[in-house]
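Secondary and tertiary structure notes
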Amino acid sequence: MASAPLIHARCGYSPRFSSSSNRRNGGGGALGSSPSSSSSSSCCSSSYLAFSSGAYNSWRNQGLRAHAMTSQGNFASSSRGVASAEKKPDHLLVLVHGILASPSDWTYVEAELRKRLGRSFLIYASSCNTYTKTFTGIDGAGKRLADEVMQVVQKTDSLKKISFLAHSLGGLFARYAISVLYRPNDIPNSPLVNSKAAHSLRRGKIAGLEPINFVTLATPHLGVRGKKQLPFLLGVPLLEKLAAPIAPIVVGRTGSQLFLTDGKPEKPPLLLRMASDCEDGNFVSALGSFRSRILYANVSYDHMVGWRTSSIRRETEIFKPPRRSLVGYRHVVDVEYCPPVSSDGPHFPPEAAKAKEAAQSKPNQENTLEYHEIVEDEMIRGLQQLGWKKVDVSFHSAPWPFFAHNNIHVKNEWLHNAGAGVVAHVADTLKQQESSTLIASL
């Protein structure tokens, strides 16, 4: 295996944001010190005292020892109280499963994350969009997820930070949900606020918490329309042509949204709107509020989600991936930082509306290709306004490589355990970011 650290960057860029941490205790001294007790004694030289000085001194010494023991007991009790307070989790990590799935898909991941991340994380596997509920549309599932997250936050008053880890379609649910939960910060327009602090404040909050990591595993960020974006169709034009009109019948509104055929011809499809800030939600601002955005993508053998759509790349940006894994992270073959690309965001030009109408009413290879090329490029332009870390995964040497879509998050510990190295990489990345956040807050 190749000798490489956890973070190996081709672009050599990592977007960094400054932050401030609001501590509930109001300062470091509250945890590092305990109140000291003082004792005082007064002596009266009264003739009626019947105690000899020896007896008096003996009892006095006993009283001082008892007082010292009480003080030590109070200090120990106070220390236990502080330790107990420190054990309360302050970082909510929301796990979001994919299509036709349930929270049980995260059994292995949840156990590994608890072991590696410690008690500061509250790991919560979402359960509001199980099985066929994933067919009701990305927007509907996203709103349910947002409601569920708010309920968790309201029940746990120790939370200060939030992260998301989502698999497959769950990544799109999470992207919609964070736009619902996002609230921008109002910052004063004053020269006293330096640019570094202002940039940190401008990031906003998710569910009232500081957004830290947004991580997706094999998520179709660009939909599944286009050449080999839905790999089990084998790139056969006839099958890809038939899949678009059949998808809504099989998987409901979610299918039309994934194939970019939802809505009226003159209205941009949902996934294109989700690559911008629009009347439906501040999708890009919500994503931009996170300190880190990470895409894990299968370079091959994923029968459900293609490499380009899960890594937000154009056809011309695809390269031949390394075949050797990073040391300590089996099947993780490459990590690339991609800086934000300045643009005025995605558009839906008149030719796109015409192409969409043609793709809806008279689907053929020419109409489908034209429409998809226009919309895909606009989606990429919108999402590339943000910096991303892209982690490429290859199961070519695994015993069951064709299980790549489920291997990447170890859906079943015995059947899909080839992805254990990927899960370890995810855990260490989250832990590293957590350490960076703590250092930045000092």
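From a predicted model like this one, the values you see are computed outputs, not experimental measurements. Position labels on residues start from 1 in each chain and follow its written sequence. Side-chain atom pairs in this predicted model are given and counted only at pLDDT of 80 or more, local residue features only at pLDDT of at least 70, and totals for whole chains, interfaces and linings cover all residues. The basis for every side-chain value is the complete set of non-hydrogen atoms in the structure, without hydrogens or water.

So, the overall build of the chain
By the criteria applied, helices consist of DSSP H or I runs no shorter than four residues and strands consist of E runs no shorter than two, each listed in order from the N terminus. When you go through the chain residue by residue, the secondary structure sums to 14 helices and eleven strands. Exposure categories follow from relative accessible area, calculated using a 1.4 Å probe and restricted to protein chains: below 20% of the type maximum is buried, above 50% is exposed, and the middle band is partly exposed. Of all 442 residues assigned to the chain, the portion counted as buried reaches 48%. By definition in these notes, contact holds between two residues if any of their heavy atoms fall within 4.5 Å. For the chain, contacts bridging at least 24 residues in sequence account for 79% of all contacts bridging at least 6. For accessible areas, the Shrake-Rupley method is used with a probe of radius 1.4 Å. Any residue's cover is judged against the shown protein chains and nothing else. By element, 55% of the accessible surface of the chain is carried by carbon and sulfur atoms, the whole surface being about 21,700 Å².

Regarding unusual backbone geometry
Phi angles above zero are rare outside glycine, and Tyr-131 is one such case at about 50°. With respect to the helices and strands, the residue Tyr-131 is situated in the loop between strand 2 (121–125) and helix 4 (138–155). A relative accessible area of 46% places Tyr-131 in the partly exposed class. Even without glycine at this site, His-331 takes up a positive phi of about 80°. By the element assignment, His-331 lies in the loop between helix 10 (307–311) and strand 10 (332–338).

Thoughts on the sheet that holds strand 3 (residues 161–167)
Here a strand pair is declared whenever DSSP counts at least two bridges between the two strands. Ordered by their spatial adjacency, seven strands build an open sheet running 2-1-3-6-9-11-10, and the pairing between neighbours is mixed. Among the strands making up the open sheet, the edge pair consists of strand 2 and strand 10. Geometrically, the sheet is characterised by an average inter-axis angle of 15° between neighbouring strands, direction not taken into account. Those strands touched by helix 3 (residues 107–117) are strand 1 (91–96), strand 2 and strand 3, and its axis lies near 175° from that of strand 2. In the packing of helix 5 (residues 169–181) onto the sheet, contacts are made with strand 1, strand 3 and strand 6 (210–217), and the angle to strand 3 comes to roughly 150°. Only the contacting stretch of a helix is used when fitting its axis, a line to C-alpha atoms as for every element, and angles between N-to-C directions run 0 to 180 degrees.

Some details on the pairing of strand 10
Here strand 10 lies mainly inside the structure; seven of its seven residues are buried. Note: strand 10 against strand 11 (residues 388–393), six bridges, orientation antiparallel. Each residue of the ladder has a partner; that of Cys-338, found in strand 11, is Trp-388.

So, the confidence of the model for the chain
One number per residue, pLDDT, summarises how confident the predictor is, and it ranges from 0 to 100. For the chain, per-residue confidence averages 79 on the pLDDT scale, and 70% of positions sit at 70 or higher. Segment residues 1–85: pLDDT under 50, and 84 contacts once partners within four positions in sequence are set aside and those in other chains are kept. Within the model, the stretch residues 192–199 combines pLDDT values under 50 with six contacts to residues more than four positions away or in other chains.

Quick word on helix 5
One less than the residue count of a helix, multiplied by 1.5 Å, gives the span that helix is expected to have. A rise of 1.5 Å per residue sets the reference length of helix 5, with its 13 residues, at 18 Å; its end C-alpha atoms lie 19 Å apart and thus fit the reference within 8%. Among the 13 residues that make up helix 5, twelve are buried, leaving the element largely enclosed by the rest of the structure. The set of residues buried in helix 5 consists of Leu-169, Gly-170, Gly-171, Leu-172, Phe-173, Ala-174, Arg-175, Tyr-176, Ala-177, Ile-178, Ser-179 and Leu-181.

Examining the pattern of salt bridges
By convention in these notes, a salt bridge is any Lys or Arg side-chain nitrogen within 4 Å of a carboxyl oxygen on Asp or Glu. One pass over the structure, following the stated rule, counts 18 salt bridges. When the shortest N-O distance is used, the salt bridge between Glu-112 and Lys-115 registers 3.1 Å. Of the two residues, Glu-112 and Lys-115 both sit in helix 3, three residues apart, roughly one turn of that helix. What makes Glu-112 buried here is its relative accessible area of 14%. Classification of Lys-115 as exposed rests on a relative accessible area of 60%. In this structure, the salt-bridge partner of Arg-308 is Glu-376, at a minimum N-O distance of 2.9 Å. Taken together, the residues span a long stretch of sequence, with Arg-308 in helix 10 and Glu-376 in helix 12 (residues 365–383) at a distance of 68 residues. Within this structure, Glu-112, Lys-115, Arg-116 and Asp-428 form a network of salt bridges that share partners.

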